[in-house]
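Chain residues, written in single-letter form:
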Amino acid sequence: MDLRRMKDEEKLDLCRKYYLGGFALLPFLWGINSIWFFREAFYRDHFDQQKQIKTYVIRCIIGTIIWVAIITTWVVIFQKYRADWGMIADDMSFIIPKGEL
Amino acid sequence: MGGIGFISMTLIIYCSLLYDTGWCDRVHDKIYYDVFSITQCFRRLNATHQVGCASDQGGNVGVLHYVPAEAELNWLINNGPHKPYIVLLTQHVFNGEVIHALRKSGKVNGVLVIMNTTDLPAHFSPDSSCPNTNFELYKGDSKYEHCKSAMWNPMGNDLLMTDIEFPIVALLNETQISFLIDECYEKFNKPVNGTTPRSYPLCGAEIKAGMDAVKNTPTCINRGKTRNLNPRTVVLSDYSLSVILDDITDSVSGFPQFSEQICDPLGDANVFGFLHPIRFQNKTDFNDTLEEGSIIMAATKLDATGLFQYIVPGAYTTVAGFVTLLAAAQALGSVKESIDPVRDKPIMFAFFQGESFDYMGSIRMLYDMEHGPFPTEVIKDSDGPHPIKPGHIGYFLEVGQVASLSGLYSHSDPRSNQNDTVKSGVNKMEDLLEKFGKDLNISIKSASDDLPLPPSSLQTFLKKINISGVVLTDHERKFENQFYNSYLDLYSNINYTATTKDNQTEVTALAQHLTEVATVVARTLYNMSTGHQYNGSDNGLMADSSLVAEMLYCFFLSPRCELLNFTSDEHLAKRLPEVPFDYYVGVERDPSLVTLHIERILSYFIGNAVNLTAENCTTYETHHQRNPYYNYMWMRGPVNASSATEERVGLCMETTVNKSLATSPAFIKGNDLSGTEYPSWSESVWSAGIPNVRVFLIPDKTYEIVTLCVGIAVLVVSLPTLFLFNRRATILFLAE
């Protein structure tokens, strides 16, 4: 999809869809949305839908930051305590390093 | 486009040709010297621990340091500046204390041991000083547990049960060993005047012996089962030999066949057989007609273990014992017509596998008896052998380590002996052993009353049933064997002089001794069964000394002996190994050759030769229709005397001998692996396949850094240069 060829109302529609889609525990949609529409929201000259796009993008950025924080914390905790948790952690793992606890 | 494809194809082909001709190898050869003839210590796991050795997944590298005598260790531990080290030890220095000192120093990344079968240390036993204490009979007994009243294996240094942080590798080839010492250590690493360390370049060694499994058996079994994203390797072994394998895979059907296992359960098969098949007395309702406590079990173990893969000679630990029991079985087999199948007590021979690992073979057989069907399924409305329950066993005579030429001791359990019935049975057996021993000038005393049982399969049975059991050994309070479960448990330690291929039946002192012990065992069993002595011949019941000599030759020196050639079928005969057997039980998916041969030898000794063709003999359906009490086994038989070639006439044996699984019940689906009830020993999968050792020169650190910097500098300079060239390409190349 090429944003340059889209009409502004279509852009808003798309931006909203990504924003709403992110609530289905899909943080990547928010991440993509915040980058994709960043220029539209903050740099482009004013247009009618800009304010709403801006709201969505800001919310997406906040959502993304929260998700990154959550995931990072989990990854750190998991990596740190995986060996101690034993079999529960093994069952949660996709790839278990060989020859290591 | 096609041109580029063609050029790259040519390049690939050219390169692979170069590789084959060794051009590509040259750089490798210039850097490394590969040490091929090695065998290594590897990792095993039980319910709670990992034991043994492993390198890092990528291999362990260190500066090679040769320690010919213990005194020179101090320099390495206190002064050696070039850590980590790979330490090269002679056999005399290689012992438990040294390994622990090296572990404590934190400077050592691996150990190489120079193996030598002639210049032995005084003792070396890597097993625990109280073997198999985790599954002993005396657990929780304040007086006897953990060998409190008798330390059976005082030489045990416990290395087998220790989790060693670095790899230990034994070197077998003298040329390679002297390369390591002369070309590597002496030239580059040996401290000047014995104290001043040398400077770089130093000679380093790398050991790759990575192990995949960690922590304990439950963990690695669970990891193997986890359906994860790891690339799967197909686990396939040589199925052709494995008559028992089908049963094995059934019993562990909890493990997916094609998943990535990172450890394999230890296991194999027990061999057992009866002098006469035990039949139902009443064939209409198949009620239990076997008298409680009537079976006399004659048992021994089939396996030993050691630190290094493939080097488990087990001469004293196990071979002498099972050869003795086989010889006793042969003696009884030759007179079995005089033992009544109904009136006299049945005799059962049992050869347990995997006993070195917490008695797993006997534990499994007892489990099979309890949970049935044992020995085979009873098919209603058809004839078949009587099932055996643990309660049917009344007497147990175990042959332990018996190779020492001095006197023997009969051990019994002081706790069971408090029961009068048990005690009278024990006394009867001990009296018979002593009496028959005296007839042959062997002193067989009963061991002191305050002694518990030495490590033995009998302990497993006494945990569950009250039976009169005696263990026959050559020691009283501690093992005479200085190399229990060791890689140095060689026949030369037990006064066995090697006989030659043409002289396989020559009776050596050891063969004579074991024949006498076998005779005593056979006579005792005969008397226990019938209540009187054998009176069919003038000399009484005798074991065959030349047969014992032959068995010793087969099991000590060369499996390509006449007896094994005789008892093997065509397929097995082709697979008789050139080198002596290895008595490690191994993983269950790799059936042990020893087990298969013991089954055949026992069948030959106590079975009946029948006149059947090879085809009829081996066809399952026909023999099952014929006689459900027996298995039929085809052997190559004796060499045809009238034929000029090595052609054999063939022989069909009708036999009660069979195998049953010796894998711990812990691995049966539904049982737990936590090791409270059953042992759960497993062996880790080896990461890189074949472990390897290589040596090379380690340059100075500054030299390494300079090389790296120069490389980076060249890269940095080349990028703008190339950019400029590209820009000014028109000057260099004529513009069109």
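These numbers come from a predicted model, not from an experiment. (Residues numbered from 1 in each chain as written. Chains lettered and ligands numbered in written order. Predicted model: local features only at pLDDT ≥ 70, side-chain atom pairs only at ≥ 80, totals over all residues. Heavy atoms only, no water.)

A. A look at the confidence of the model for chain B. Predicted confidence across chain B gives a mean pLDDT of 87, with 89% of residues reaching 70 or more. Taken as a whole, residues 230-258 of chain B scores under 50 in pLDDT and shows 57 contacts with residues more than four places along the chain or in a different chain. (pLDDT = per-residue confidence, 0-100. Contact = heavy atoms within 4.5 Å.)

B. Up close: the interface of chain A and chain B. Taken together, the 15 residues of chain A in the interface contact 14 residues of chain B. Carbon and sulfur atoms supply 53% of the area buried between chain A and chain B, which totals about 1,300 Å² over both sides. Between the two partners, chain A and chain B, sit two salt bridges. Here K98 of chain A makes a salt bridge to D212 of chain B, at a shortest N to O gap of 3.9 Å. Residue assignment for the side of chain A that touches chain B shows that the elements contributing at least two residues are α4 (50-85) and α5 (87-92) of chain A. (Buried area = accessible area lost by both parts, 1.4 Å probe. Salt bridge = Lys/Arg side-chain N within 4 Å of Asp/Glu carboxyl O. Helix = DSSP H or I, 4+ residues; strand = E, 2+ residues; numbered from the N terminus.)

C. Here's a closer look at the UniProt feature "transmembrane region" (unreviewed entry) in chain B. When the UniProt feature table is mapped onto this chain, "transmembrane region" (unreviewed entry) is found at residues 705-725 of chain B. Secondary structure content for residues 705-725 of chain B is 100% helix and 0% strand, while the C-alpha to C-alpha distance between its ends is 30 Å. (UniProt positions renumbered as here; feature names shortened; annotations may be inferred.)

D. Fine view of the pattern of salt bridges. Enumeration according to the criterion identifies 23 salt bridges over all chains in this entry. A salt bridge links E40 of chain A to K11 of chain A; its shortest N-O distance comes to 3.3 Å. Here the residue E40 of chain A occupies a position in helix α3 (residues 38-42), and K11 of chain A occupies one in helix α1 (residues 8-21), the gap between them amounting to 29 residues. Exposure remark for E40 of chain A: the relative accessible area of 9% places this residue in the buried category. On the basis of relative accessibility, which here comes to 5%, the residue K11 of chain A falls in the buried class. Where R223 of chain B meets D90 of chain A, a salt bridge forms, and the shortest distance between an N and an O atom there is 2.8 Å. Of this pair, R223 of chain B sits in helix α6 (residues 217-225) while D90 of chain A sits in helix α5, placing the two residues on different chains. The residues R223 of chain B and D90 of chain A share a single accessibility class, namely buried. (Buried < 20%, exposed > 50% of the residue type's maximum accessible area, 1.4 Å probe, protein only.)

E. Focus on the packing of aromatic side chains. All names here are of chain B. For the coordinates displayed, the defined rule picks out 40 aromatic pairs over all chains. With centroids separated by 5.0 Å and ring planes inclined at 90°, the aromatic side chains of F308 and Y487 adopt a geometry described as edge-to-face. In this pair, F308 is assigned in the loop between β12 (295-301) and α8 (315-334) and Y487 in the loop between β17 (468-473) and α12 (509-530), connecting sequence segments 179 residues apart. Residue F308 shares its accessibility class with Y487, and that shared class is buried. Relative to F555, the ring of F322 has its centre 5.0 Å away and its plane inclined at 90°; by these criteria the two rings are edge-to-face. Remark: F555 occurs in helix α13 (residues 545-557) and F322 occurs in helix α8; sequence separation between them is 233 residues. For F322, a relative accessible area of 0% translates into the label buried. Its relative accessible area of 1% is what places F555 among the buried residues. Among the aromatic residues, ring-to-ring pairing joins F42, F357, Y584, W681 and W686 into one connected group. Lying over the aromatic face of Y32, R694 brings its terminal NZ or CZ to 3.8 Å of the ring centre. (Phe/Tyr/Trp six-rings, centres within 6.5 Å; stacked < 30°, edge-to-face > 60°. Lys NZ or Arg CZ within 6 Å of the ring centre and 35° of its normal.)

F. Up close: unusual backbone geometry. Residues and elements named next belong to chain B. In the segment running from Y200 into P201, the intervening peptide bond is cis, with an omega of 0°. Of note, P201 is situated in the loop between α5 (174-189) and β9 (202-208). Residue P375 follows F374 across a cis peptide bond; omega there is 0°. Of note, P375 is situated in the loop between α9 (360-371) and β14 (393-399).

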